[in-house]
Amino acid sequence: MERESISPKFKNFAVRECRGSSDLYEYLALHIAEDDQLLEIAANAAPGQPIPNLFFGAVHYLLLKGKEHELREYYRSIVDQPKDLEESFYHFRSFCLQYRNELVIFLKNKLVQTNEVRRCAYLYPSFCNIYDKVKKPLALIEIGTSAGLQLLWDQYCYTYGSTEKYGNIESNVTIKSEIYGERLPLLLPKSPPVVSRFGLDLHVNDLTNPEDRLWLKSLIWPEHKERVELFEHAAHLFTKQPVKLIEGDGVRLLPEFVLQVPDDSLICIFHTHVANQMSKEAKYQLLDYIKMLGNTRDVYHIYNNMWDSDLHLDYFINGKEYNETLAETDGHGRWFRWKL
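Report follows, based on the coordinates.

Analysis parameters
Residues numbered from 1 in each chain as written. Predicted model: local features only at pLDDT ≥ 70, side-chain atom pairs only at ≥ 80, totals over all residues. Heavy atoms only, no water. Pairing = 2+ DSSP bridges. Helix = DSSP H or I, 4+ residues; strand = E, 2+ residues; numbered from the N terminus. Axes fitted to C-alpha atoms, helices over the stretch in contact; angles between N-to-C directions. Contact = heavy atoms within 4.5 Å. Salt bridge = Lys/Arg side-chain N within 4 Å of Asp/Glu carboxyl O. Buried < 20%, exposed > 50% of the residue type's maximum accessible area, 1.4 Å probe, protein only.

## Focus on the sheet that holds strand β5 (residues 178-180)
Taken in spatial order, the nine strands make up an open sheet running β5-β12-β11-β10-β9-β8-β1-β6-β7, and their pairing is mixed. The sheet is open, and its two edges are formed by β5 and β7 (244-247), each paired on a single side. On average, each strand axis in the sheet is tilted by 25 degrees relative to the strand beside it, whichever way the strands run. Bridge count between strand β6 (residues 194-201) and β7: four bridges; the pairing is parallel. Residue pairing across strands places D201 opposite E247, the latter belonging to β7. Taken strand by strand, helix α11 (residues 280-293) contacts β1 (138-143), β8 (266-271), β9 (299-303), β10 (311-317) and β11 (320-329), and its axis lies near 155 degrees from that of β9.

Here it is in structure tokens:
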């Protein structure tokens, strides 16, 4: 992969994703974009992967694993009082060159599979919206499930800038998010009923496996301690009531698991921040299958990052197709703007 194609990815990552969210990653990404040796290392990322996320995740993993280096002093996930940014790139570059071989192995073999639990903040009103339409129990199938934490969205408690609570108000996992704008989504007091749930992924992350669990934590940005806490609470809940997760190509496996959905329930296929890693062919294959399925059964499809960053809902009722844009969303679920 040419430098000219990778450098803009780090610049865009710094400005569009990190600014206002991670000062460290913004600063480092802008410098990486101008450094040929680091771009050469980053070029080893597996095809289709978001390179900056994967690169930063690999470095973070080695640091959390215990590699001794001055770079540790700049990560809030490791030290309580990180050093100023000014010299962070010098040490970041030194670390990457020192551990180049290990980083290359990671980049070639790992996938970006962030289990951002707080994205359930906008999934909850989405599923409330669906249930309000059909009044049937929901059968969930998630593509790109990683460790499956979003499949438990109905088991979490939600607050949206007020004292009101929604979902499972007894849950030990409380997700806080803000709703921007004047339009408010339907928020049912209690979670809609879920009759079944399957998670499909090219590589399933096993939360009981220390290496898998550490990799998922490594993908959380260093300043985001609240995200780490939320991940740990949700992971603890998952180990108490594990969900069936299946390893393989989610698009190709989908027909097999649709057949297992009872006729008296509603098929709900969903994925968040996954479609950007799909090939164009896989995207069309998925949409074509859902359209074909919609000729025989009612089906709902919730997704983002397919063509743009908005949250979309495509659905078929009695063979008729409907398309809605549900919300503009923050990548980490800190806020969303409802559009319906």
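## Structural notes on the pattern of salt bridges
Applying the stated rule across the entire model yields 21 salt bridges. The shortest N-O distance in the salt bridge between K217 and E232 comes to 3.1 Å. You can see K217 sitting in helix α8 (residues 210-218) and its partner E232 sitting in helix α9 (residues 225-240), a full 15 residues away along the chain. Look at E232 and you get partly exposed, because its relative accessible area is 24%. Sharing partners across several salt bridges, the network here consists of R213, K217 and E232.

## What to know about the sheet that holds strand β4 (residues 174-176)
Within the open sheet, the three strands sit side by side as β3-β2-β4. Their pairing is mixed. Of all the strands in the sheet, just β3 (166-167) and β4 have a single pairing partner and so form its edges. Sheet topology places strand β2 (residues 157-159) next to β3; two bridges connect them, and they run antiparallel. Within β3, the position partnered with C157 by the bridge is G167.

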